[in-house]
Each structure stands twice: as C-alpha cells, then as structure tokens.
Amino acid sequence: MKKFLALILALVMALSLVACGSGAASSAGSAAASGSTSAAAGGKVGIAMPTKSLERWNRDGSYLKEQFESAGYEVELTYSDNDVNQQVNDIENLISDGVSILIVAAIDGESLTNVLDSADEAGIPVISYDRLIRNTKAIDYYVSFDNYTVGVLQGQYVIDTLGLKEGDTSKSYNIEFTAGDPADNNAGFFFNGAYDTLKTFIDSGVLKIVSGQTKFEEVATAAWDTSTAMNRMQNILASYYSDGTQLDIALCSNDSTALGVTQAIESDYAGSNTPIITGQDGDEANLKNIVDGKQSMTVYKAVANEAVVTLALAQAILNGETPDEGLTSQFDCECAYDTTSYDNGTGIIPSYLLTPTVVTADNIQEQLVDTGYYTMGTDGYPVAVG
Ligand code: GAL
C-alpha cells in the first residue's frame, strides 16, 4: 500500500511541476495546465512593456500574454514606445480598466511612483518585471534575472578567453565599456558585475581603458539605443585608436548596444584584430554576428521562463497567498528567491531571479535551438520562436 501511495504522490508532484527551460512553447503549455489547476483563473491582468523597438520586449509581451491567457485570464498588454509619459498614461488606463494585478517593465524606474501609488490605493498588486521600479511602496514582488551575474558572466568570458591570471602582468590588453540606460535600474547591476569581475586586472594595468571612461555615467547609453552606442564608439576610436592602438575588448552590457559598437568597429576601426565583443539578450541580429564571428558572446535570458515564473507568482498573489521561497519548488528551471539584493528605496523587494547563461557560436544549437527558443534558419542563423 505504501509503495502505491508513494507512486501516486510522485505522479502528482510530476504533474504539478511547471516546466521551465524546456522551450517556450512547451513551458507555456505546461504553465497553462498548472495555472488552470493551481489558481482560480479569470480576471483581467494588466501588462505594461516599455517598447517594441528593443527586440526582447516583443517576446516578453507575447510570452506573458500567452501564459496568462492559457491560464484563463483576460490580458491587456501595452507598449509605450520608450516614452515615460505614455507609460504612465498606459498604466492609468489599465487601472481604470479594472485590472486585478499589474505587471510592469518600467522605461524609467524612477518615473512611476505616483501612478503605482494609486494602484496600491486601489488595492491592485504590482509585480515589477525585469527592471526594478523604485520609490514606491506599491511593488509587491520583483521578477528578473540575476542582473549582477549577467555582468559577471561577461567579465569572466573576457578573463577565460584571454587566459588572464591574477599577478601575471606580462601582457596587457585595451578595453572599452559600453553600459546601458541610466534610467534602467538593471544597467548599473550589469556594469558593476562586469567591472567588479575585471577590476583586479584593470587595477594592475593588465586591462587598460584607453579612453579613460571608467565610470558608469561616462559609458552609459540612453534608451539602450544602437545608434547612440555606435556614435560614442566611433568617437572613442577616432580619439584614441586612430594611431594604430589596438582595441582588444569592447565590453557591451547588451545586444542593442553591442550592435552599434560592432557597426562602429566595422566602419571605423583600423586594427587588424577582431576585438572581443560581449552582449546580452540573444537578439537575432547579434546571433547572426556571433555566427559570423563579429560578436563573441551574448548572455541569454530565457524570457519564456521569466513569464512562467511571473504567472505562477501572480496566481499565488491573486489566490491571497504570500509567496516566498516555496514558490521556486514549482519550477524546474533555476530560480532563486532573494530577499537581500533589491532595495527599491522603500525597502527590500522580495525577488525571484532566474539564471542567465553564456551563448557563443559553439553552443547556439544546444542552448537556443535544441531548447526550442529559436529555430535554425536555412541560412544558418537562429530565428526566435514567439
Ligand atoms: C534591460 C534588460 C536587458 C537589456 C535592456 C534593453 O533592462 O534586462 O535585457 O537588453 O533592458 O532591453
């Protein structure tokens, strides 16, 4: 009898697992199944995304919509063209449309205090999605990836690729940093993760920042804009590298800025070497550059899983629960419950942080295609699913 009960329990546990990391479509399906069994489905969910002009948010929006609709919710999804005032207006409309919960990826993490305070007063829970929203008590939870680790992975990639060893100053390399949007709370975490990882080699002179631009504010890129990143790198190349100085590394925090930096290097860099160029997000144009050897790596974040975690969290909140560490046991993808890293100015926001991974030309097939997140085009370049 005991064996039979153990078998039943194992079967129930297996069915309740929300699949993460087994590809976008299947994880959506399994999450939907889990959602319809684990929560009173129904009600309207408001999802506010920053823009369609940065590739990943199109996938975030469609995965989130798919997850919540598959679980029986009505979804109102907005995109605000990277216009802060429009995002405030969009969220005001979601509140007046009577949403039961708000899921918000902020354009500017400091700009939503008033509108989200009004959501709080209306009793609407708010999940800060991917980018931490600051200076409002309205934020109940934060779902993202481990943003500092994104930068650490980029820095470690440089160390591993060049074979840097502490204390070995026999060789030196020239590096330039390109960080993200100062209005995006994530950008500082990405930059600090990379800089802290490389700091020992910067301090010893093994890595030289020839432009002297070492501070986040000096290397930041408003709106993560590709042309802005390109123009800045063109200026740096003209000012510091036109005399034949070699650029060995362009440490870029994400793919939209890496695309601009790569364009600048292709058009304005006279050196014979191909610098190491880092990125983040797995944007299609950058994956093409990785296949073609123009970009070295990207840090991939399976936003399909971020949507699965967000659905499970929202369901628990709407069920009147107070999710904590226990929620992570529903997922078979790596997701840490964190109650120390993200203070939004009003206090620590309990966070669910997924794990980012390094993608290079060597593992694109395994990491992106075999997992179902991309298909491989007949031209040999990956195309995103969803
Ligand atoms: C960040 C996000 C990254 C990055 C950037 C532009 O907040 O976490 O994935 O690409 O925005 O979308």
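Chains are numbered independently. Their residues run from 1 in the order of the written sequence. Only residues with pLDDT of 70 or above have their local features reported here, since the model is predicted, and side-chain atom pairs are shown and tallied only from 80 upward, although totals for entire chains, interfaces and linings are computed over all residues. To obtain the side-chain values, all non-hydrogen atoms of the structure were included, while hydrogens and water were left out.

Trainee: Where do I start with the overall build of the protein chain in this structure?
Mentor: Within the protein chain, the regular secondary structure consists of 13 helices and 15 strands. Three labels apply to residues, based on accessible area from a 1.4 Å probe with only protein chains included: buried if under 20% of the type maximum, exposed if over 50%, partly exposed otherwise in between. A buried classification covers 54% of the 386 residues belonging to the protein chain. Summarising the internal contacts of the protein chain: among those between residues at least 6 apart in sequence, 71% fall at separations of at least 24. When the accessible surface of the protein chain is summed, it comes to about 15300 Å², and 51% of that surface belongs to carbon and sulfur atoms. Per the convention used, a helix needs a DSSP run of H or I reaching at least four residues, while a strand needs a run of E reaching at least two, with both numbered from the N terminus. By definition in these notes, contact holds between two residues if any of their heavy atoms fall within 4.5 Å. Each accessible area is a Shrake-Rupley estimate made with a 1.4 Å probe; only the visible protein chains count as cover when residues are assessed.

Trainee: How do you make sense of the sheet that holds strand β1 (residues 44–49) when you look at a structure like this?
Mentor: Paired through their backbone hydrogen bonds, the strands of a sheet run either parallel or antiparallel. Should DSSP find at least two bridges between two strands, the strands are taken to pair. Sheet architecture is open: seven strands sit in the order β2-β1-β3-β4-β5-β12-β11, paired in mixed fashion. Each edge of the open sheet is held by one strand with a lone partner, namely β2 (74–79) and β11 (335–338). Mean inter-strand twist for the sheet, computed between neighbouring axes without regard to direction, equals 20°. Taken together, the six bridges between β1 and β2 define a ladder with parallel strand orientation. Among the inter-strand pairings, Gly46 is bridged to a residue of β2, identified as Glu76. Lines fitted to the C-alpha atoms define the axes, with helices restricted to the stretch that makes contact. Angles between their N-to-C directions range from 0 to 180 degrees. Against the sheet, helix α4 (residues 84–96) touches β1, β2 and β3 (101–104), its axis set at about 180° to β1.

Trainee: Just checking my understanding: could you explain the sheet that holds strand β8 (residues 249–252) for this structure?
Mentor: A sheet is described by the order of its strands in space; here four strands give the open sequence β7-β6-β8-β9, paired in parallel fashion. The two strands at the open ends of the sheet, each matched to only one other strand, are β7 (207–208) and β9 (276–277).

Trainee: Would you mind showing me how to read the environment of Asp83 here?
Mentor: The residue Asp83 is located in the loop between β2 and α4 in this model. We classify Asp83 as partly exposed; its relative accessible area is 32%. Along the backbone, Asp83 and Pro50 are 33 residues apart, and their C-alpha atoms lie at a distance of 7.8 Å.

Trainee: Which parts of the structure should I look at to understand the packing of helix α3 (residues 55–70) against helix α12 (residues 303–318)?
Mentor: Working note: a packed helix pair is described by the angle between its axes plus the distance between those axes. Where α3 contacts α12, the two axes come as close as 9 Å, and the packing angle between them is 40°. Taken together, the axes of α3 and α12 are oblique relative to one another. The way α3 lies across α12 gives a crossing that is right-handed. Here α3 contributes Arg56, Arg59, Asp60, Tyr63, Leu64, Gln67 and Phe68 to the contact with α12, which in turn contributes Val303, Ala304, Glu306, Ala307, Val308, Thr310, Leu311 and Ala314. Considered class by class, the residues forming the contact of α3 with α12 number nine nonpolar, two polar and four charged. An angle counts as roughly parallel when it lies under 35 degrees, as roughly antiparallel when it exceeds 145, as roughly perpendicular when it falls between 65 and 115, and as oblique in every other case. Take the far helix as the reference: if the near one is turned anticlockwise from it by less than a right angle, the crossing is left-handed, and if turned clockwise, right-handed. Residue classes follow a fixed rule: Ala, Val, Leu, Ile, Met, Phe, Trp, Tyr, Cys and Pro count as nonpolar, while Asp, Glu, Lys and Arg count as charged, and any other residue, Gly among them, counts as polar.

Trainee: Is there a simple way to explain the site of the ligand in this structure?
Mentor: For each residue, the test is whether any non-hydrogen atom lies within 4 Å of the molecule or strand; if one does, the residue is near. Surveying the vicinity of the ligand reveals 13 residues, the closest of which are Asp130, Arg131, Asp184, Asp281 and Lys301. The side chain of Asp130 places a nitrogen or oxygen atom 2.7 Å from an oxygen atom of the ligand. Protein chains shield 99% of the accessible area of the ligand, which is 300 Å² for the free molecule. Those elements giving two or more residues to the shell around the ligand turn out to be α3 and α7 (185–203). A breakdown of the residues in the shell around the ligand according to their chemical character gives four nonpolar, three polar and six charged. Where each domain begins and ends is defined by an automated method or by a domain database. Mapping the shell around the ligand onto the domain boundaries places at least three of its residues in each of domain 1 (2–147 + 302–359) and domain 2 (148–301). Here a polar contact is taken to be a pair of N or O atoms separated by no more than 3.5 Å, where protein atoms must pair a possible hydrogen donor with a possible acceptor and residues adjacent in sequence count only if both atoms sit in side chains.

Trainee: Just checking my understanding: could you explain the packing of aromatic side chains for this structure?
Mentor: Remark: the centre distance and the inter-plane angle together describe each pair of aromatic rings, the angle taken between the planes. Pairing of aromatic rings covers Phe, Tyr and Trp, the last counted by its six-membered ring, and requires centre-to-centre distances within 6.5 Å; plane angles under 30 degrees mean stacked, over 60 mean edge-to-face, and any other angle means tilted. As enumerated under the stated definition, the model contains 12 aromatic pairs in all. Ring plane angle 65° and centroid distance 4.8 Å describe the contact between Tyr142 and Tyr342, whose orientation is recorded as edge-to-face. Of this pair, Tyr142 sits in strand β5 (residues 139–145) while Tyr342 sits in the loop between β11 and β12 (351–354), placing them 200 residues apart in sequence. Summarising the burial analysis for this pair, Tyr142 and Tyr342 share the class buried.

Trainee: Explain the pattern of salt bridges to me, please; I cannot follow it from the model alone.
Mentor: When the charged atoms of two side chains with opposite charge come close together, those side chains can pair. Definition used for salt bridges: Asp or Glu carboxyl oxygen within 4 Å of a side-chain nitrogen of Lys or Arg. If you walk through the whole model with that rule in mind, you get 12 salt bridges. Between Arg56 and Asp130 there is a salt bridge; the shortest N-O distance is 3.1 Å. One end of the pair, Arg56, is in helix α3; the other, Asp130, is in the loop between β4 (126–129) and β5, and 74 residues separate them in sequence. When sorted by exposure, Arg56 lands in the same class as Asp130, which is buried. Shared partners join several salt bridges into a network, and the residues in it are Arg56, Asp60, Asp130 and Glu306.

Trainee: Can you walk me through the confidence of the model for the protein chain in this structure?
Mentor: Where the model shows low pLDDT, its predicted coordinates should not be examined in detail. The predicted model of the protein chain averages 92 in pLDDT, with 90% of residues at 70 or higher. Ranking the helices and strands of the protein chain by mean pLDDT puts strand β6 (residues 173–178) first, with 99, and helix α2 (residues 24–38) last, with 42. The quantity known as pLDDT measures the predictor's confidence residue by residue, on a range of 0 to 100. Low confidence marks residues 12–18, where pLDDT is under 50. Its contacts with residues over four positions away, or in another chain, come to 10 contacts. Scored below 50 in pLDDT, residues 25–39 shows 28 contacts in the model against residues more than four places distant or in partner chains.

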